[in-house]
Amino acid sequence: MLDRFRTRIANRIWIASYYPTFFQFRRSLPNPARAQSRLLRDLVQKNAGTEYGMRYGFAEIHSPQDYANRVPVIGYGDVSREIERIAVGETNILTAEATLRFEETSGSSSFARLIPYTKSLSMEFERAIGPWLFALHRQYPKAFRGRSYWSLSPATRARRITSGGLTIGSADDSEYFSMFARILLRSILAIQPDIARISDPDGFYRRTLLELLGCANLSLVSIWSPTYLLRLDERLRRDWTKLLDALRDHSPQRYSELKVLDPDSCTWQNIWPELELLSCWADASAGQFISSLQDRTGGVPIQPKGLLSTEGIISIPWMHGADPVAAVLSHFLEGEDLQSGEILPVWQWKRQARYSMIISTGGGLYRFRTGDVVAVTGFVGETPCLHFEGRSSRNSDLVGEKLSEYQALQMITQLRHSTEMQNLGAIFLYPRAGARCSYWILVESGNAGPPGLALLQSAAAQADRALRQNPYYDQARNLGQLDGPLCRVIRRGGHGAIMRIIQQKKQIKDGDFKEPILLSSAEISIEELEPFLELHQSTN
């Protein structure tokens, strides 16, 4: 009883501490141009004396238009040399502030790259996370009455130190919060952050599940990928008896509550009756797993997360039923209109237009292409609400067809709406190079077994028509450079196994892995893919 009281009080203090940032954020929504202009002014003034700032004349920048005229739009390769110099100990390169640590990200198709983190960048994250949490509490107050489970993953490798003495990697999501918040989180978290130091996946999952099962008042779960929670659920049901045996000595009361449940049919709502909310990715490639997640949890409400990556935070959930709103108090946000090619600041974006994101952050990334594609679906005040549609930088180009992951996702979405494939498992795309180049549409068998040949042939034809909306793909098909797509069935559970191969190659933690829709042979070879294929397939 005392623990419950302490948890509730800690939650109240924690959420109340975010009211100032919530108020500032809400006040910025009617006039994002003013908020963004101030943010940009502070960013360039603070870093005018850096090597990068002097190269592009930050001291002469007095408006967003000046910034656009002077500073180029970049990708990671354009600043990789500067980041390497920071890693060996050089200072005043990208930021006047000291780099505190590096975070590692794989990008969309490339392997590991380092993102510098400064105090300013951490504060920019918190200026978005604080308003989100305060707004979340107003919508789901009961989610903050008990303990919370925040995204933790087993360490895929030990934290490393650069030759300049900077740490690569953080242990867990608590490092996004201030020190004050971290102190309060000790009384709020269902699992303490040090569990992420366990490098053995089996040991990590066992301890995670034991501690979660022992937490009767779990009320909020915040993770990134829904597949991470599905993987956790699979282990929970598989090891149910062993977990309860271990729990019996640790928490006899919880053991008594749980032993009457059937692990094959019970839901998370049965296991944790006070669970009020799940927060996870639900857009783009993550969307196809939400239905399975709802089945496993027993219909616990799911709030889709905003768009957040290692490089920065772009949007946060704000209003129930609306897409996340642009995080205009964190970074300077621009986007390339995918129809006109014009680069516009966020306050000039139009409803229903689609933009490829460009951000400028306190970590030293200026006019940096994130590769994320968003669509404007509405406005809060004058600030756009953004729906994440996928990655523009992940693409496939076997013969000049320039196929992007976004286009692959659109095709798969159409398939699910127009065929019986919504009853199947995951669907994704694999480019098949060779004498006759083509794409394989990999379809995972569902509960009822593999789909029939007629359905596969129909799906392949529909996919071809959808992909032909890309003029380069259409041209390649008309010229005979590219054969029509072929539906290949993979065995049930194959999708998860294939994703784990890709994840392990990139050494990404479970909770941080964004599962791709459009694969590449660099990520998984045909030899690695073949064991998961069934003979059942469509014909060209």
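Residues numbered from 1 in each chain as written. Predicted model: local features only at pLDDT ≥ 70, side-chain atom pairs only at ≥ 80, totals over all residues. Heavy atoms only, no water.

**Q** What am I meant to see in the packing of helix α2 (residues 19-28) against helix α7 (residues 119-139) here?
**A** Angle between the axes and distance between the axes: these two values describe a pair of packed helices. α7 packs onto α2 with a crossing angle of 95 degrees between their chain directions and a minimal axis gap of 8 Å. Relative to α7, α2 is oriented roughly perpendicular. Taken together, the residues of α7 that come into contact with α2 (itself represented by Tyr19, Thr21, Phe22, Phe25 and Arg26) are Gly130, Pro131, Phe134, Ala135 and Arg138. Considered class by class, the residues forming the contact of α2 with α7 number six nonpolar, two polar and two charged. (Axes fitted to C-alpha atoms, helices over the stretch in contact; angles between N-to-C directions. Helix = DSSP H or I, 4+ residues; strand = E, 2+ residues; numbered from the N terminus. Parallel < 35°, antiparallel > 145°, perpendicular 65-115°, else oblique. Contact = heavy atoms within 4.5 Å. Nonpolar A, V, L, I, M, F, W, Y, C, P; charged D, E, K, R; others polar.)

**Q** Even after reading the chapter, I still don't get helix α17 (residues 471-478), so can you show me in this structure?
**A** In an α-helix, one turn spans 3.6 residues; hence positions three or four apart end up facing the same way. Within the span of α17, buried status applies to Tyr473, Ala476 and Arg477. Around the axis of α17, the buried residues are gathered within 100 degrees of arc, so they sit on the same side. Structural note: α17 exposes Pro471 and Asn478 on the side pointing more than 90 degrees away from its buried face. Against β19 (438-444) and α16 (453-467) lie the buried residues of α17. Immediately downstream of α17, the backbone of glycine 480 shows phi near 75 degrees, a positive value. (Buried < 20%, exposed > 50% of the residue type's maximum accessible area, 1.4 Å probe, protein only. Arc of directions from axis to C-beta.)

**Q** Hey, could you run me through the pattern of salt bridges in this one?
**A** Counting across every chain of the model gives 26 salt bridges. Note that arginine 41 and aspartate 42 form a salt bridge whose closest N and O atoms lie 3.5 Å from each other. The partly exposed category is assigned to arginine 41, whose relative accessible area is 43%. Residue aspartate 42 is classed as partly exposed on the basis of its relative accessible area, which comes to 39%. (Salt bridge = Lys/Arg side-chain N within 4 Å of Asp/Glu carboxyl O.)

**Q** Before we go on, may I ask you to explain the sheet that holds strand β4 (residues 160-161) in this structure?
**A** Backbone hydrogen bonds hold the strands of a sheet together, and the pairing may be parallel or antiparallel. Taken in spatial order, the four strands line up as β2-β1-β5-β4 in an open sheet, and their pairing is mixed. Looking at which strands have only one partner, the edges of the open sheet turn out to be β2 (113-117) and β4. Here β4 pairs with strand β5 (residues 167-168) via two bridges, running antiparallel. Bridge pairing links arginine 160 to isoleucine 168 in β5. (Pairing = 2+ DSSP bridges.)

**Q** Is there a simple way to explain the nonpolar core in this structure?
**A** Grouped together as the largest cluster of nonpolar side chains are 112 residues, with contacts concentrated most on Trp14, Leu133, Phe177, Trp318, Trp349, Met411 and Ile441. Of all the elements, α7 adds the most residues to this core, at nine residues. The residues touching tryptophan 349, leaving out its near neighbours within four places in the chain, are Glu334, Gly335, Leu344, Tyr355, Met357, Val374, Val376, Phe379, Pro384 and Leu386. Counting residues in hydrophobic clusters, the runner-up holds 58 residues, among them Leu243, Phe289, Ile508 and Leu529. (Core = buried A, V, L, I, M, F, W, Y, C linked by side-chain atoms within 4.5 Å.)

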